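Observations on the three-dimensional arrangement
Residue strings, one per chain:
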Amino acid sequence: MLRAGIVGLPNVGKSTLFNAVVANAKAQAANYPFCTIEPNVGTVAVPDDRLNVLTGISKSVETIPARVEFVDIAGLVKGASQGEGLGNKFLANIREVDAIVHVVRCFENDDIIHVAGSVDPVRDIEVINLELGLADLDQIDRRLERVRKQARSNKEAQQEVEVLERLSSALNEGKSARQVQLSEEDEALIKTLGLLSRKPVIYACNVSEEDLATGNEWVEQVRSVAAQEDAQVVVISAQVESELVELPEEDRADFLESLGVEEGGLRSLIRATYSLLGLQTYFTTGPKETRAWTIKIGSLAPQAAGVIHTDFERGFIRAETVAYKDLVEHGSMGAAKEKGLVRSEGKEYVVQDGDVLLFRFNV
């Protein structure tokens, strides 16, 4: 399951957002730092309107969406890399996620205390990024100390030293590790380090309800920072998300429309996360269940089958494949077959977003 860690300074709206997007979450939201001590974890269904359409076509008994796990990590502060505010514990939680959702305060509210006394998203981003970078530098330095001794007689260790020194240099210049271009081979050498500042980042600009549709000056500042880092930006309102949770499902679209937006924060966050990580969805459907599966863009058919079960990948024979739009247009698998739209694809087939697949395999 995809894991996204929600991070940021204290009192920027992390736990409020978490509570809203994970409807059954029990994270406490309060107006003081370190309200969240242990990371709160909750899973949410990936919103995808195509699922219900396929369920209707197949008359499926069960509909199973893909899921994303959100981890609400306690607020980081200046000095976290040195243990301030239980920083080391919180940083360890971030190492375990696939992507970081960095919540940045882009709203003014005198009733909600800012730890630095004023709203300045660029400064806040720099504080968090500095702490992540310092934690990475410490880890890299310790690794370099060990691997330099091995490099005297080991070519792989020599290559690792070169990669680590490049990363160290970038971090010392105030850059993040993700701004360093590395080959797949280089990536493999440092994978076990779990570098914090190399993780993909989405900046979630938490704005007031009034600014949700248009953004504001602070949002533009965040976009400028993100452009330099190849990061994504999503404009959300934890306040609006909290109100959405209280509304019946059928009233939510009208509420969002009244604010001038088409989708809620959950859809925006998940869409941005999928884009950032290069993910897409394929479907399996039948009378028993219709289900969404998450795979990397560019995955071959056997790899897609392996997401269901490793035996499917090992014994893969072929995949019966039809595009979602073709299946919906003709109303049934039988009708799509009559039109020649259901194909038999082999091991080299690159699965496309929205493909509806039936795998044939040997046990």
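Residues numbered from 1 in each chain as written. Predicted model: local features only at pLDDT ≥ 70, side-chain atom pairs only at ≥ 80, totals over all residues. Heavy atoms only, no water.

1. Quick notes on the confidence of the model for the protein chain
Of the residues in the protein chain, 89% reach a pLDDT of 70 or more, and the chain-wide mean stands at 86. Low pLDDT (under 50) marks residues 24–38, which in the prediction has 39 contacts with non-local residues, meaning those over four places away or in another chain. Within the model, the stretch residues 83–88 combines pLDDT values under 50 with twelve contacts to residues more than four positions away or in other chains. (pLDDT = per-residue confidence, 0-100. Contact = heavy atoms within 4.5 Å.)

2. Brief notes about the nonpolar core
With 70 residues, the main nonpolar core has Val68, Phe70, Ile94, Val101, Tyr203, Ile270 and Tyr274 as its most contacted residues. The biggest single contributor to this core is helix H10 (residues 265–277), with six residues. Setting aside residues up to four positions removed in sequence, Val101 forms contacts with Ala4, Gly5, Ile6, Val7, Phe70, Ile202, Ala204 and Leu269. The next biggest cluster of nonpolar side chains, apart from the first, holds 19 residues, and it includes Ile140, Leu144, Val147 and Val161. (Core = buried A, V, L, I, M, F, W, Y, C linked by side-chain atoms within 4.5 Å. Buried < 20%, exposed > 50% of the residue type's maximum accessible area, 1.4 Å probe, protein only. Helix = DSSP H or I, 4+ residues; strand = E, 2+ residues; numbered from the N terminus.)

3. Structural notes on the pattern of salt bridges
When the charged atoms of two side chains with opposite charge come close together, those side chains can pair. All told, the structure shown has 21 salt bridges when counted by the stated rule. Between Asp186 and Arg166 there is a salt bridge, and its shortest N-O distance comes to 3.8 Å. You can see Asp186 sitting in helix H6 (residues 184–190) and its partner Arg166 sitting in helix H5 (residues 155–172), a full 20 residues away along the chain. Close ionic contact of Glu320 with Arg360 constitutes a salt bridge, the shortest N to O distance being 3.2 Å. Pair noted here: Glu320 is in strand S10 (residues 316–323) and Arg360 is in strand S12 (residues 355–361), with a separation of 40 residues, a long-range link. The class of Glu320 is buried, set by a relative accessible area of 18%. Classification of Arg360 as partly exposed rests on a relative accessible area of 34%. One salt-bridge network, in which partners are shared between bridges, spans Arg3, Glu69 and Glu96. (Salt bridge = Lys/Arg side-chain N within 4 Å of Asp/Glu carboxyl O.)

4. Looking at the packing of helix H8 (residues 238–246) against helix H9 (residues 249–258)
Where H8 contacts H9, the axes come no closer than 9 Å and their chain directions differ by 150°. The orientation of H8 with respect to H9, classified from their angle, is roughly antiparallel. As for how H8 packs across H9, the hand of that crossing is right-handed. Each of Val240, Glu243, Leu244 and Val245 in H8 lies in contact with H9, whose residues at this interface are Arg252, Phe255 and Leu256. For the contact of H8 with H9, the per-class residue count stands at five nonpolar, no polar and two charged. (Axes fitted to C-alpha atoms, helices over the stretch in contact; angles between N-to-C directions. Parallel < 35°, antiparallel > 145°, perpendicular 65-115°, else oblique. Left-handed = near helix turned anticlockwise from the far one by under 90°. Nonpolar A, V, L, I, M, F, W, Y, C, P; charged D, E, K, R; others polar.)

5. Focus: helix H4 (residues 121–150)
For H4, spanning 30 residues, the distance from its first C-alpha to its last is 43 Å, which sits close to the expected 44 Å at 1.5 Å a residue. Where H4 bends most, the angle comes to about 25°, and this point is Leu144. (Expected span 1.5 Å × (residues − 1). Bend = angle between axes of the 7 residues up to and from the residue.)

6. A look at unusual backbone geometry
The phi dihedral of Asn11 falls on the positive side, at around 65°, and the residue is not glycine. Looking at where Asn11 falls in the secondary structure, it is placed in the loop between strand S1 (2–7) and helix H1 (14–21). At Lys59, a position not held by glycine, the phi torsion is positive, near 50°. As for its placement among the helices and strands, Lys59 is situated in the loop between helix H2 (49–58) and strand S3 (62–64).

7. Observations regarding the side chain of Arg178
As for its placement among the helices and strands, Arg178 is situated in the loop between H5 and H6. Taking relative accessible area as the criterion, Arg178 reaches 16% and is therefore assigned buried. Ignoring sequence-local partners within four residues, the contact set of Arg178 consists of Asn129, Ser197, Arg198, Lys199, Val201, Tyr203 and Glu229.

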